[in-house]
2 protein chains.
Amino acid sequence: MGKIKLADISTSAPKKFDKEKTKAVTREILEELDELQNLMYAEHKHSVLLIVQGMDASGKDGVIKNVTGTLNPQGVTVYSFKAPSPEETDHDFLWRVHKQAPGKGMIQVFNRSHYEDILIQRVHKWIDDKTAYKRMDAINDFEKLLAVHGNTQILKFYLHVSHEAQQQRLIERTEDPRKMWKYNEQDLAESKLWDKYMNAYEDAINNCNYIPWMVVPADQNWYKEYVIALTLRDTLKSLKMKYPRLRK
Amino acid sequence: MGKIKLADISTSAPKKFDKEKTKAVTREILEELDELQNLMYAEHKHSVLLIVQGMDASGKDGVIKNVTGTLNPQGVTVYSFKAPSPEETDHDFLWRVHKQAPGKGMIQVFNRSHYEDILIQRVHKWIDDKTAYKRMDAINDFEKLLAVHGNTQILKFYLHVSHEAQQQRLIERTEDPRKMWKYNEQDLAESKLWDKYMNAYEDAINNCNYIPWMVVPADQNWYKEYVIALTLRDTLKSLKMKYPRLRK
């Protein structure tokens, strides 16, 4: 399999997709998803880990809200990874991540994830390249553990925005009162490290491929919502789940 | 490396070891250990995971008490693995184990461990051989994660008793009032599965060797205490730890 180059992949929805038609299709998919999630919860056999990664302002929060927000929260949980606590840094980098793995019947969404340990940490040179590559091996082993021994379907999405679209959105955060709470001076400094982040993402996507990544064109919110909802729906459908029969 | 056959390894202390002299040496080692553990806690860089496996009545509880019982409990914790809870069985078999991994500066003792997932579960055919071998791969990956990314020294001891010594000890539990609390009817049933357990242990020891095992002749308590104390002491000494300097 050839290595992907992010610069070669469009950040825009393919031309053939119409915004309003796609939104209508997504609404139908979300209704199906609601039923499929209930079935998965009832069957209590599989689980789903949905990993959402992307640069600041790539739309992680929004897509999580719009795709999983209509599902029964009893069966869907979201974990947002922040800077690790002292207790967490006292352990291997996957210790805090493994704790958050989904149990049977559950959909767990990671808003950011263990991938930050080979992204922000690498870009800022808190770890050297040798450590980064060792961590990539460990991530493959870890995802294999969840998939093989946890019966977990892992879906990994990279929200692919252009640097221009990102900068535009960061500026909007300084202007729109409903978005100001998301503004963080640090984000603009991080944005200047764009090329370094793209290289780190490419390495993560190309090397951590025991479970393959989906690179989602993310300049339009309606398109990324469609892609993620569709992938989740198709994954659940492929499990051929059944409601347990009445135990007499 | 040749595969080990447990039947070829003596369960008795080597002839050259004298009981009283060895006990005196162990006492000296334990004093050194006390100082080394304090140093490890202060340096806050390494951790130790000491795994104790063995058949019922092989002396796990006793050796844990006598080797780690004199150390500062602030830096030494013991986790005894029992049958998993429903929440635990909803996850991959290493989920509950990873949670108990030691943080920097700590010695964590496992009284039984993730190895039960390829021992009792295999002997009773709760899992098939194919699953058992996949779990062995996952165990190697997991121990590698702790060693490489958690900076954890992993020490794995199999307490090797003879079937005769085990049966003798199980009978004592029915006769000695101070030991009756340990008596469990189930243990005698398990004892009849001896050969199947030995085969499962041999597979675990031969295949889960990213971190090698130590097979400890365990018919005499004083000898296994000596071996485990010595190994722990030598491991800590090899780390060339230093007390942090005063931060001014």
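For the structure, check the block above.
Starting afresh in each chain, residues are numbered from 1 along the sequence in its written order. Here the convention is simple: chains get letters from A, ligands get numbers from 1, in the order in which they are written. A pLDDT threshold of at least 70 governs which residues receive local features in this predicted model, and a stricter bar of 80 or more applies before side-chain atom pairs are shown or counted, although totals over entire chains, interfaces and linings include all residues. Water and hydrogen atoms were dropped before computing side-chain values, which therefore reflect all heavy atoms in the structure.

Quick word on the overall build of chain A
As a reminder of what qualifies: The secondary structure listing takes helices from DSSP runs of H or I that are at least 4 residues long and strands from runs of E that are at least 2 residues long, numbered from the N terminus. Restricting the calculation to C-alpha atoms gives the radius of gyration, and the globule rule supplies 2.2 Å times the number of residues raised to the power 0.38. Three labels apply to residues, based on accessible area from a 1.4 Å probe with only protein chains included: buried if under 20% of the type maximum, exposed if over 50%, partly exposed otherwise in between. The contact criterion used throughout is that any non-hydrogen atoms of two residues lie within 4.5 Å. Computed with the Shrake-Rupley method and a 1.4 Å probe, the accessible areas treat only the protein chains shown as cover for residues. Here the positive residues are Lys and Arg and the negative ones are Asp and Glu; neither His nor the chain ends is included. One atom stands in for each charge, and that atom is NZ of Lys, CZ of Arg, CG of Asp or CD of Glu.
Per the secondary structure count, chain A includes 10 helices and 5 strands. Relative to the compact-globule value of 18 Å for 248 residues, chain A shows a C-alpha radius of gyration of 18 Å, a close match. Dimensions of chain A, computed from the C-alpha atoms along their principal axes, are close to 65 × 45 × 40 Å. In chain A, which comprises 248 residues, the proportion classed as buried is 52%. In chain A, once contacts between residues fewer than 6 apart in sequence are set aside, the share between residues at least 24 apart is 83%. Accessible surface for chain A amounts to roughly 12700 Å². Of this, 51% is attributable to carbon and sulfur atoms. Of the charged side chains in chain A, 38 are positive and 35 negative, and the gap between their average positions amounts to 5 Å.

With respect to the packing of helix H1 (residues 19-43) of chain B against helix H10 (residues 221-238) of chain B
Residues and elements named next belong to chain B. Which entries qualify depends on this criterion: The convention used is that axes are lines fitted to C-alpha atoms, helices contributing only their stretch in contact, and that angles between N-to-C directions extend from 0 to 180 degrees. Here a crossing is taken to be left-handed if its near helix is turned anticlockwise relative to the far helix by less than a right angle, and right-handed if that turn runs clockwise. Throughout, the ten residues Ala, Val, Leu, Ile, Met, Phe, Trp, Tyr, Cys and Pro are labelled nonpolar, Asp, Glu, Lys and Arg are labelled charged, and all others, Gly among them, are labelled polar.
Remark: H1 packs on H10, axes separated minimally by 9 Å, with the N-to-C direction vectors making an angle of 35 degrees. Between H1 and H10 lies a crossing whose hand is left-handed. Contacts between H1 and H10 involve Lys19, Thr22, Lys23, Val25, Thr26, Ile29, Leu30, Glu32, Leu33, Leu36, Gln37 and Met40 from the first element and Trp222, Glu225, Tyr226, Ala229, Leu230, Leu232, Arg233, Leu236 and Lys237 from the second. Residues that form the contact of H1 with H10 fall into these classes: 12 nonpolar, 3 polar and 6 charged.

Examining empty space enclosed by the protein
All names here are of chain B. Spelled out, the test is: A cavity, in this analysis, means grid points on a 1 Å lattice covering only the protein atoms where a 1.4 Å probe fits yet has no way out; a pocket is instead an open set bounded by protein on both sides within 12 Å along at least five of seven lines, and a residue lines either one if it has an atom within 4 Å of a point. Grid points are joined across faces, edges and corners, and a volume is the space filled by probe spheres set on the points.
A complete count under the given rule lists 1 cavity of 30 Å³ or more for this structure. In this structure, the largest cavity occupies an estimated 40 Å³ of space. Every element with two or more residues in the lining of the largest cavity is listed here: strand E1 (47-54) and helix H2 (60-68). The biggest single contributor to the lining of the largest cavity is H2, with 4 residues. Among the residues making up the lining of the largest cavity, the classes are represented as 7 nonpolar, 1 polar and no charged.

A word on the pairing of strand E4 (residues 152-160) of chain B
All names here are of chain B. Formally: When DSSP finds at least two bridges between two strands, those strands are taken to pair.
Counting buried positions along E4 yields 8 of 9 residues, so the element is predominantly enclosed. Taken together, the 8 bridges between E1 and E4 define a ladder with parallel strand orientation. Pairing of glutamine 53 across the sheet is with tyrosine 158, part of E4.

Some details on the sheet that holds strand E4 (residues 152-160) of chain A
Residues and elements named next belong to chain A. Taken together, the 5 strands give an open sheet; going across it, the order is E2-E3-E1-E4-E5, and neighbouring strands pair in parallel fashion. Strands at the two margins of the open sheet, each flanked by one partner only, are strand E2 (76-80) and strand E5 (213-217). Within this sheet the neighbouring strands show an average axis-to-axis angle of 20 degrees, counted without direction. The strands touched by helix H10 (residues 221-238) within the sheet are strand E1 (47-54), E4 and E5, with E4 carrying the most contacts at an inclination of about 165 degrees.

Thoughts on the relation of the copies chain B and chain A
To keep things clear, this is the line we draw: Least-squares superposition of the copies uses the C-alpha atoms of those residues scoring a pLDDT of at least 70 in each of them.
Once chain B has been moved 0.0 Å along the axis and rotated by 180 degrees, it coincides with chain A to within an RMSD of 0.0 Å. When the rotation and shift are considered jointly, the pair of chain copies conforms to a two-fold rotation axis. Both copies present the same face, since 100% of the interface residues in chain B are matched by interface residues at the equivalent positions in chain A.

Topic: the sheet that holds strand E3 (residues 107-111) of chain B
Residues and elements named next belong to chain B. Strand order in the open sheet formed by 5 strands is E2-E3-E1-E4-E5, and the pairing between neighbours is parallel. Of all the strands in the sheet, the pair left with one neighbour each is strand E2 (76-80) and strand E5 (213-217). For this sheet, the mean inter-axis angle between neighbouring strands, taken without regard to orientation, is 20 degrees. The pairing of E4 with E5 spans 5 bridges and is classified as parallel. In the strand pairing of E5, histidine 160 is matched with proline 217. Most of the contacts of H10 go to E4, to which it runs at about 165 degrees, and overall it touches E1, E4 and E5.

Observations concerning H1(B)
Residue and element names in this part refer to chain B. Worth spelling out the cut-off: A helix is expected to span 1.5 Å multiplied by its residue count minus one. In protein, a polar contact means a hydrogen-donor-capable atom and an acceptor-capable atom, both N or O and within 3.5 Å, with residues adjacent in sequence counting only if both atoms are side-chain atoms; elsewhere, any N or O pair within 3.5 Å suffices.
If you check H1, its first and last C-alpha atoms are 35 Å apart, about what 25 residues at 1.5 Å a residue would give, namely 36 Å. Buried within H1 are the following residues: Thr22, Thr26, Ile29, Leu30, Leu33, Leu36, Gln37, Leu39, Met40 and Glu43. Elements that come into contact with the buried residues of H1 comprise E1, H2, E2, E3 and H10. Capping the start of H1, aspartate 18 holds a side-chain oxygen 3.2 Å from the backbone nitrogen of glutamate 20, two or three residues further along. Backbone geometry just after H1 places histidine 44 at a positive phi near 55 degrees.

Quick notes on helix H9 (residues 194-207) of chain B
Taking 1.5 Å of rise per residue, the 14 residues of H9(B) would be expected to cover 20 Å, and the 20 Å separating its terminal C-alpha atoms lies within 8% of that figure. When H9(B) is considered as a whole, its buried residues turn out to be Trp194(B), Tyr197(B), Met198(B), Ala200(B), Tyr201(B), Glu202(B), Asp203(B), Ala204(B), Ile205(B) and Asn206(B).

Here's the deal with the interface of chain B and chain A
Worth spelling out the cut-off: Using a 1.4 Å probe, buried area is obtained as the accessible area two parts lose upon being combined, added over both of them. Any Lys or Arg side-chain nitrogen found within 4 Å of a carboxyl oxygen on Asp or Glu counts as a salt bridge.
Facing the 23 residues of chain B at the interface are 23 residues of chain A. Here chain B and chain A share an interface that buries about 2000 Å² over both sides, 55% of which is from carbon and sulfur atoms. The tally of links from chain B across to chain A stands at 0 salt bridges. Run the count over chain B and chain A and you get 19 residue pairs in polar contact (both at pLDDT 80 or more). Elements with a contribution of two residues or more to the side of chain B that touches chain A: helix H4 (95-99) and helix H6 (129-149) of chain B.

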